[in-house]
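Observations on the model geometry
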Amino acid sequence: MSSVPDGKKLVRSPSGLRMVPENGAFNSPFSLDEPQWVPDKECPRCMQCDTKFDFIRRKHHCRRCGRCFCDKCCSKKVALPRMCFVDPVRQCAECSLVSQKEMEFYDKQLKVLLGGGTFVVTLGTSEKSETMTCRLSNNHRYLFLDGESHFEVELSRMSSMQILTDGTSPENDIHTYTSLLDSHYISEGGTSRASGMLLHYKPMGSQDAQQLRMEAADDKKVASLWLAAMHKAAKLLYEARDQ
């Protein structure tokens, strides 16, 4: 185990090398814990093809789900940034497909979120709005909003999220696509371009939900890309609760 200047440490686990925050409290909300491996004694056969293990057919554990497979059913090595692995790790066919899809978020959408977008922001029921730049913090834990004033929203304290679209009538302007705490589904929505976002979250030290409305400012294309990336982020956060 060795420390590095950016507040992370290199840890060797049974699954491989991982670069994790020195303080576990600062884990990215997108990260997943390593799974418990199915004990060897409980796995005499491949959990995919039912091949019996022997001296020739060795057993391998998927680093994402922890289940036990033969080499044929667990041969792919795929990047797994959600568990902070430094190198690609062995995964079963099902898990490798999921990890490959997630790589698009890490390669593209996450960079867009870190870069930020400009929005007209309204807090609560206030009639006063402010033009602010909204971006995801480097540790992925907060949305930073900067203008004449500054405040932040912790992702883990968001209760619901709605997308504002370029609708043709007021009743079509708001499209709910996820509720991080309550919803049992996620709707991808139609072909309308995202133009803003409506958040409900609980500020630190409060149990009362606060509403935050964000509408695209001048550069609507950048704002729309940022909102689309936030949609992907919300989906990962929602799905992570059950993993």
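Residues numbered from 1 in each chain as written. Predicted model: local features only at pLDDT ≥ 70, side-chain atom pairs only at ≥ 80, totals over all residues. Heavy atoms only, no water.

The next subject is the pattern of salt bridges. Taken as a whole, this structure holds eight salt bridges when the rule is applied. In this structure, Glu94 and Arg67 form a salt bridge, with 3.6 Å as the shortest nitrogen-oxygen distance. One end of the pair, Glu94, is in helix α1 (residues 93–115); the other, Arg67, is in the loop between β4 (60–61) and β5 (68–69), and 27 residues separate them in sequence. Glu94 gets classed as exposed once you look at its relative accessible area, which sits at 55%. (Salt bridge = Lys/Arg side-chain N within 4 Å of Asp/Glu carboxyl O. Helix = DSSP H or I, 4+ residues; strand = E, 2+ residues; numbered from the N terminus. Buried < 20%, exposed > 50% of the residue type's maximum accessible area, 1.4 Å probe, protein only.)

Our focus in this paragraph is unusual backbone geometry. The residue Cys84 is not glycine, and still its phi comes out positive at about 65 degrees. Within the element layout of this structure, Cys84 appears in the loop between β6 (76–78) and β7 (89–91). Despite not being glycine, His140 has its phi angle at roughly 70 degrees, a positive value. Secondary-structure assignment places His140 in the loop between β9 (129–136) and β10 (142–146).

By size, the foremost hydrophobic cluster in this structure holds 34 residues, and its most contacted members are Phe30, Leu143, Leu145, Leu212, Met214, Trp226 and Met230. Leave out the neighbours within four places in its chain, and Phe30 touches Arg82, Phe105, Tyr106, Leu110, Leu136, His140, Leu155, Ala233, Leu236 and Leu237. Formed by eleven residues, the second largest nonpolar core is a distinct cluster that contains Phe53, Phe69, Cys92 and Cys95. (Core = buried A, V, L, I, M, F, W, Y, C linked by side-chain atoms within 4.5 Å. Contact = heavy atoms within 4.5 Å.)

Glancing now at the state of the cysteines. Per the stated rule, a full pass over the model turns up zero disulfides. In this structure Cys49 is a free cysteine whose sulfur lies 3.7 Å from that of Cys46, the closest cysteine sulfur available. (Disulfide = S-S within 2.5 Å.)

Here we take up the pairing of strand β11 (residues 150–154). Where β10 and β11 come together, five bridges link them in antiparallel fashion. What sits directly across from Leu143, in β11, is Val153. Counting the residues in the hairpin turn of β10 and β11 gives three residues. (Pairing = 2+ DSSP bridges.)

By volume, the largest pocket is sized at about 420 Å³. Along the wall of the largest pocket there are 19 residues; nearest its centre are Lys8, Pro21, Ser28, Cys84 and His140. Grouping the constituent residues of the lining of the largest pocket by class yields seven nonpolar, eight polar and four charged. Residue-level mapping places the lining of the largest pocket at the junction of two domains, with at least three residues from each of domain 1 (8–99) and domain 2 (116–167 + 194–242). (1 Å grid on protein atoms, 1.4 Å probe; cavity = no way out; pocket = protein on both sides within 12 Å on 5 of 7 lines; lining within 4 Å. Points joined across faces, edges and corners; volume = space filled by probe spheres on them. Nonpolar A, V, L, I, M, F, W, Y, C, P; charged D, E, K, R; others polar. Domains from an automatic or database assignment.)

It is worth spelling out α1 at this point. Between its first and last C-alpha, α1 extends 33 Å over 23 residues, near the 33 Å set by a 1.5 Å rise per residue. When the local axis directions of α1 are compared, the greatest deviation, roughly 35 degrees, occurs at Gln109. Of the positions making up α1, those classed as buried are Cys95, Ser96, Ser99, Glu102, Phe105, Tyr106, Gln109, Leu110 and Leu113. Backbone geometry just downstream of α1 places Gly116 in the positive-phi region, at approximately 90 degrees. (Expected span 1.5 Å × (residues − 1). Bend = angle between axes of the 7 residues up to and from the residue.)

Under the counting rule described, the total for this entry stands at four aromatic pairs. Centroid distance Phe30 to Phe105: 5.1 Å. Interplanar angle 65 degrees. Geometry classified as edge-to-face. Highlighted residues: Phe30 in the loop between β3 (16–21) and β4 and Phe105 in helix α1, separated in sequence by 75 residues. Like Phe30, the residue Phe105 is buried in the burial classification. What links up through ring pairs into an aromatic cluster is the set Phe30, Phe105 and Tyr106. Against the face of Phe85 rests Arg18, its NZ or CZ located 6.0 Å from the ring centre. (Phe/Tyr/Trp six-rings, centres within 6.5 Å; stacked < 30°, edge-to-face > 60°. Lys NZ or Arg CZ within 6 Å of the ring centre and 35° of its normal.)

Mapped onto the elements, Glu102 comes out in helix α1. When its relative accessible area of 7% is taken as the criterion, Glu102 is described as buried. Only 2.8 Å separates the side chain of Glu102 from the side chain of Arg64, close enough to count as a polar contact. (Polar contact = N/O pair within 3.5 Å; in protein donor to acceptor, adjacent residues only side chain to side chain.)

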